[in-house]
Amino acid sequence: MINKKIEEAINKQINAELYSAYLYLSMGAYFGAMNLPGFENWMKVQAQEETFHAMKFFNFVNERGGRVILEAIDKPEVEWDNPVAVFEEVYKHEQHVTDLINKLMDLAIKENDHATRVFLTWYIDEQVEEEANASSLLEKLKMIGDSKNGVFMMDHGLSKRVFKMPAKEED
Ligand code: FEO
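None of these values were measured; they are calculated from a predicted model. (Residues numbered from 1 in each chain as written. Predicted model: local features only at pLDDT ≥ 70, side-chain atom pairs only at ≥ 80, totals over all residues. Heavy atoms only, no water.)

This part covers the overall build of the protein chain. Within the protein chain one finds 5 helices and 0 strands. Principal axes of the C-alpha set define a box for the protein chain whose edges measure 55 × 30 × 30 Å. Counting across all 171 residues of the protein chain, residues that qualify as buried make up 44%. If you take every contact in the protein chain between residues at least 6 apart in sequence, the share linking residues at least 24 apart comes to 82%. Total accessible area computed for the protein chain in this model is approximately 9,700 Å², and 55% of it derives from carbon and sulfur atoms. When the 19 basic and 30 acidic side-chain charges of the protein chain are each reduced to a single mean position, those positions are 2 Å apart. (Helix = DSSP H or I, 4+ residues; strand = E, 2+ residues; numbered from the N terminus. Buried < 20%, exposed > 50% of the residue type's maximum accessible area, 1.4 Å probe, protein only. Contact = heavy atoms within 4.5 Å. Areas by Shrake-Rupley, 256 points an atom, 1.4 Å probe, with all protein chains shown as cover. Lys, Arg positive; Asp, Glu negative; His and termini not counted. Charge placed at Lys NZ, Arg CZ, Asp CG, Glu CD.)

In structure tokens form, the structure reads like this:
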């Protein structure tokens, strides 16, 4: 049985993950309106990943005999100055999510909840990847600068991204 403090904290994290999905969908819509379908695709796949993160928490709460409570999702931003500004926000947002996951881990340790602690290690690893991806795309965009050709080439590359279910979850 999950304890109340952990249950509440995970419910908040479900909301944060769904907000992340919403934020990335909003960024996808921005890129769609800019005629950059590859960037739009990357953001849509990112939103699918965030929904997956939320559902993994959702299923965990249920499995541990807790109660999932869904709260309202905040409205995300809709406009950015340019693609660099979007990826600056992605990077900043992922650092914020890492902080939230670390705080959840601190709570699981404090509450001696070993099952939650082990479960959270997946997210700790995932955040390393999330920050690395965001930072690498931001750096690429900064290098490209004002080159339209560079942006179109990058758009083509990002159009190839597909959502992959992590292996263990496919069973
Ligand atoms: Fe669910 Fe992008 O962290």
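Past the structure itself, the notes keep going.
Let's shift gears to the pattern of salt bridges. Applying the stated rule across the entire model yields 7 salt bridges. Its salt-bridge partner being Lys-4, residue Glu-7 comes within 2.9 Å of it at the nearest N-O pair. One end of the pair, Glu-7, and the other, Lys-4, are both in helix H1 (residues 4-33), 3 residues apart, so they sit about a helical turn from each other. With a relative accessible area of 55%, Lys-4 lands in the exposed category. Among the salt bridges present, the one from Arg-64 reaches Asp-113, with a minimum N-O distance of 3.3 Å. Taken together, the residues Arg-64 in the loop between helix H2 (37-63) and helix H3 (83-110) and Asp-113 in the loop between H3 and helix H4 (114-144) connect sequence positions 49 residues apart. (Salt bridge = Lys/Arg side-chain N within 4 Å of Asp/Glu carboxyl O.)

Interpretation in functional terms is not warranted from these geometric data alone.
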